[in-house]
Amino acid sequence: MDSHEDEDVKRARSLSSGPPPGDAPEPADQPESPTESESEPESESEPGPQPLYESQPQFESQLQFESESAPTRGMAALSLPYQVAAAVSLAIIGALACVHLAMVFLHVAPSNTVTKEYGEAVDGWIYPEFEQNWKLFAPNPLQQNVAVQVRAEFTVSDGSRRSSDWIDLTDEDGEAIRGNLLPSHVQQNELRRAWDFYVNAHDSENRPNGLRGQLSESYVRRIVMQRLDAHDLGGPVERIQLRSSTRSVKAPEWSDEKMDTRPAHRVLPWWTVTAADLPGGVRNGRTEAGT
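A brief look at the structure comes next. Please read all numbers here as calculations on a predicted model, not as lab measurements.

## A short note on helix 5 (residues 113-126)
Piece 1. Its 14 residues place the ends of helix 5 18 Å apart at the C-alpha level, agreeing with the 20 Å of an ideal helix rising 1.5 Å per residue.
Piece 2. Within helix 5, the axis deviates most sharply at Gly119, by approximately 75°.
Piece 3. Where helix 5 is concerned, the buried positions are Thr115, Gly119, Val122 and Ile126.
Piece 4. Residues of helix 5 that are buried make contact with helix 4 (80-108).
Piece 5. Between the side-chain oxygen of the N-cap and the backbone nitrogen of Val114 there are 3.0 Å, and the N-cap of helix 5 in question is Asn112.

Here's what the structure looks like:
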């Protein structure tokens, strides 16, 4: 009796605990795992790498927008009349530059057919502002310091005339150059070249050699009057007198050369100042200089 009851209890416990994991059959309605061939369509639907630009029309519209929004620079930013004016100005400047280079080339070139035919036109273009000087490369470079000095005769308030002391214009140019990293051409060469032009166009008696001599006189007078305009002499200048002070450069200590370093002066006669001697901006203390 007891044995039958024990068997029934064991059977009920085994049914409630379920079959062992290893012996459990797989359910019939469970879907099978997809094979590799069946999973390929799903992989095709996955998004791939995006293109750099979504579409060609959108890319072209973007480029057009960027080109329209970019700021315009240079001559293209100007209106049509200003563009024409700028183009004409550049053409004129370029033509003048070419003419100037051609004139300088003919001036420094050896004598040829062109210079024999048009030598006067070339000299008229070059002198006096653009004269070329090659003394630095000469066998005997310049070994002198030349100073240009001026004194003026001016009228004071009571109507009498007085003379100033000698004013060293070359020394003033030297003071403007010292300590100046970018000295101007005026400070370095204008007065020096003007005086050299005058000396080469006159004989030892200060008599001019043709047209160049008269041109050099006028050129020097205008430069001197422009420099004197910065000095308060006390009245308008009636006459000016120029002189040069030439001093030889002292020989170096290792040289046996003997040099006379005492200054030698070349004094010019008095010049009466006229209106033609006053460059633009120089009024000489009055409306017009008298003769």
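## What about the nonpolar core?
Piece 1. One finds Val150, Val224, Leu228, Ile240 and Leu242 to be the most contacted residues of the largest nonpolar core, which totals 28 residues.
Piece 2. Per element, the largest residue contribution to this core is six residues, and it comes from helix 8 (residues 211-228).
Piece 3. In terms of nonpolar packing, the next biggest core, distinct from the first, is built from five residues, Met103, Val104, Leu106 and Ile126 among them.

## Some words on a nonpolar patch on the surface
Piece 1. A surface patch of nonpolar side chains, amounting to about 720 Å² of accessible area, comprises Leu80, Val84, Val88, Ile92, Leu96, Val99, Trp125 and Phe130.
Piece 2. Among the elements that make up the nonpolar patch, the one with the highest residue count is helix 4 (six residues).
Piece 3. Its location among the elements puts Trp125 in helix 5.
Piece 4. Trp125 sits in the partly exposed class, given a relative accessible area of 32%.

## Some remarks on the packing of helix 4 against helix 5
When two helices pack together, their arrangement is given by the angle between the helix axes and the distance between those axes.
Piece 1. Between helix 4 and helix 5, whose axes approach to 9 Å, the crossing angle comes to 120°. Handedness of the crossing formed by helix 4 with helix 5: left-handed. Residues Val99, His100, Met103, Val104, Leu106 and His107 of helix 4 form the contact with helix 5, whose own contacting residues are Val114, Thr115, Val122, Asp123, Trp125 and Ile126.
Piece 2. Its residues assigned to classes, the contact of helix 4 with helix 5 shows eight nonpolar, three polar and one charged.

## Focus: helix 8
Piece 1. The first and last C-alpha atoms of helix 8 sit 26 Å apart over 18 residues, in line with the 26 Å expected at 1.5 Å per residue.
Piece 2. Along helix 8, the positions that sit buried rather than exposed are Gly213, Ser216, Glu217, Tyr219, Val220, Arg221, Ile223, Val224, Met225, Arg227 and Leu228.
Piece 3. Contact partners of the buried residues in helix 8: strand 1 (144-155), strand 3 (167-168), helix 6 (169-177), helix 7 (185-200), strand 4 (237-248) and strand 6 (271-272).

## Considering the packing of aromatic side chains
Piece 1. Taken as a whole, this structure holds three aromatic pairs when the rule is applied.
Piece 2. Measuring from centroid to centroid gives 5.6 Å for Trp195 and Tyr198, while their planes differ by 25°, and the two rings are stacked. Of the two residues, Trp195 and Tyr198 both sit in helix 7, three residues apart, roughly one turn of that helix. For the pair shown, Trp195 and Tyr198 are each scored as buried.
Piece 3. With a centroid separation of 6.0 Å and 75° between ring planes, the pair formed by Tyr198 and Trp271 is classed as edge-to-face. Highlighted residues: Tyr198 in helix 7 and Trp271 in strand 6, separated in sequence by 73 residues.
Piece 4. The ring of Tyr127 carries the charged tip of Arg212 above its face, separated from the ring centre by 3.9 Å.
Piece 5. For Arg243, the ring lying beneath its charged end belongs to Trp166, and the centroid distance is 4.3 Å.

The rules behind the values
- Residues numbered from 1 in each chain as written.
- Predicted model: local features only at pLDDT ≥ 70, side-chain atom pairs only at ≥ 80, totals over all residues.
- Heavy atoms only, no water.
- Helix = DSSP H or I, 4+ residues; strand = E, 2+ residues; numbered from the N terminus.
- Expected span 1.5 Å × (residues − 1).
- Bend = angle between axes of the 7 residues up to and from the residue.
- Buried < 20%, exposed > 50% of the residue type's maximum accessible area, 1.4 Å probe, protein only.
- Contact = heavy atoms within 4.5 Å.
- Polar contact = N/O pair within 3.5 Å; in protein donor to acceptor, adjacent residues only side chain to side chain.
- Core = buried A, V, L, I, M, F, W, Y, C linked by side-chain atoms within 4.5 Å.
- Patch = residues over 30% accessible without salt bridge, like charges linked within 9 Å, V, L, I, M, F, W, Y side chains within 5 Å.
- Areas by Shrake-Rupley, 256 points an atom, 1.4 Å probe, with all protein chains shown as cover.
- Salt bridge = Lys/Arg side-chain N within 4 Å of Asp/Glu carboxyl O.
- Axes fitted to C-alpha atoms, helices over the stretch in contact; angles between N-to-C directions.
- Left-handed = near helix turned anticlockwise from the far one by under 90°.
- Nonpolar A, V, L, I, M, F, W, Y, C, P; charged D, E, K, R; others polar.
- Phe/Tyr/Trp six-rings, centres within 6.5 Å; stacked < 30°, edge-to-face > 60°.
- Lys NZ or Arg CZ within 6 Å of the ring centre and 35° of its normal.

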